[in-house]
Amino acid sequence: SLVLFYQYATPPWSEKKVALLIRYLCNVGRERNLGGRIRVASEGVNATISSVTTKKDGDTTLMDPTRTIRHFTQDLINFDSATFSLTDFKYIDDLAPDRHFKELKILPVKELVYYGIKEK
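Figured I'd write up the structure that's included with this text. For clarity, every value in this text was computed on a predicted model and none was experimentally measured. (Residues numbered from 1 in each chain as written. Predicted model: local features only at pLDDT ≥ 70, side-chain atom pairs only at ≥ 80, totals over all residues. Heavy atoms only, no water.)

Tallied over the full model, the rule gives four salt bridges. Arg32 is paired through a salt bridge with Asp75; the nearest N and O atoms lie 2.7 Å apart. In this pair, Arg32 is assigned in helix α1 (residues 15-32) and Asp75 in helix α2 (residues 65-79), connecting sequence segments 43 residues apart. Notably, a salt bridge pairs Asp88 with Lys90, separated by 2.6 Å at the nearest N-O pair. Among the residues examined, Lys90 registers a relative accessible area of 45% and is labelled partly exposed. (Salt bridge = Lys/Arg side-chain N within 4 Å of Asp/Glu carboxyl O. Helix = DSSP H or I, 4+ residues; strand = E, 2+ residues; numbered from the N terminus. Buried < 20%, exposed > 50% of the residue type's maximum accessible area, 1.4 Å probe, protein only.)

Structure representation (structure tokens):
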């Protein structure tokens, strides 16, 4: 399964909140065995995340990717419900295992979308 989304934060997050979110995303990503890319800035988040059926360390229980991705989006709402409850998450289920991102990259950025426009 895959989820794509972007969400702007209004008002923009403080540097402290951005750092907390990055740490939170690292922990959740590792716990849920996610792959993909998450761009995080004070203005919000832009992400493409995937999950496959896996076994948790030391556990024989299989983790369903459809449920895992939806748990991840709920994790975001739990982190900041005022922001992420507004997010339009786009899900793609039944993704072939070879389409899963191999690793999770969390990229702190100054702007979610860089346009190359210089301020005067």
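Next, the rest of the story.
Turning next to the nonpolar core. Membership of the largest hydrophobic core comes to 21 residues, with the highest contact counts inside it found for Phe5, Ile38 and Phe72. Elements that contribute at least two residues to this core include exactly β1 (2-8), α1, β2 (35-41), β3 (44-50) and α2. Among the elements that take part in this core, α1 stands out by supplying five residues, more than any other. Apart from residues lying up to four places away in sequence, Ile38 is in contact with Leu25, Val45, Asn46, Ala47, Ile49, Phe72, Leu104, Lys105, Ile106 and Leu107. (Core = buried A, V, L, I, M, F, W, Y, C linked by side-chain atoms within 4.5 Å. Contact = heavy atoms within 4.5 Å.)

What follows concerns α2. Each turn of an α-helix holds 3.6 residues, which means side chains three or four residues apart point in the same direction. An ideal rise of 1.5 Å per residue puts 21 Å on 15 residues; α2 measures up with 21 Å between its terminal C-alpha atoms. Along α2, the residues classified as buried are Pro65, Thr68, Ile69, Phe72, Thr73, Asp75 and Leu76. Seen from one end, α2 has its buried residues packed into an arc of 145°, which puts them on one side. When the buried face of α2 is taken as reference, the exposed residues oriented beyond 90 degrees from it are Arg67 and Asn78. (Expected span 1.5 Å × (residues − 1). Arc of directions from axis to C-beta.)

This part is about the pairing of β3. Here β3 lies mainly inside the structure; five of its seven residues are buried. Direction of pairing for β1 relative to β3: antiparallel, over a ladder of seven bridges. Residue pairing across strands places Leu2 opposite Ser50, the latter belonging to β3. Across seven bridges, the pairing between β2 and β3 is antiparallel. Note on β3: the bridge partner recorded for Arg37 is Thr48. Counting the residues that bridge the hairpin from β2 to β3 gives two residues. (Pairing = 2+ DSSP bridges.)

If you walk across this open sheet you meet the five strands as β6-β1-β3-β2-β7, and the pairing is mixed. Strands with a single pairing partner mark the edges of an open sheet, and in this sheet they are β6 (90-92) and β7 (104-108). Across the sheet, the mean angle from the axis of one strand to that of its neighbour is 5°, orientation sign disregarded. Where β1 meets β6, three bridges bridge the pair, whose relative direction is antiparallel. Its bridge partner being in β6, Leu4 is matched across the sheet by Lys90. In the packing of α2 onto the sheet, the strands contacted are β1, β2, β3 and β6, and the crossing angle to β1 comes to about 15°. (Axes fitted to C-alpha atoms, helices over the stretch in contact; angles between N-to-C directions.)

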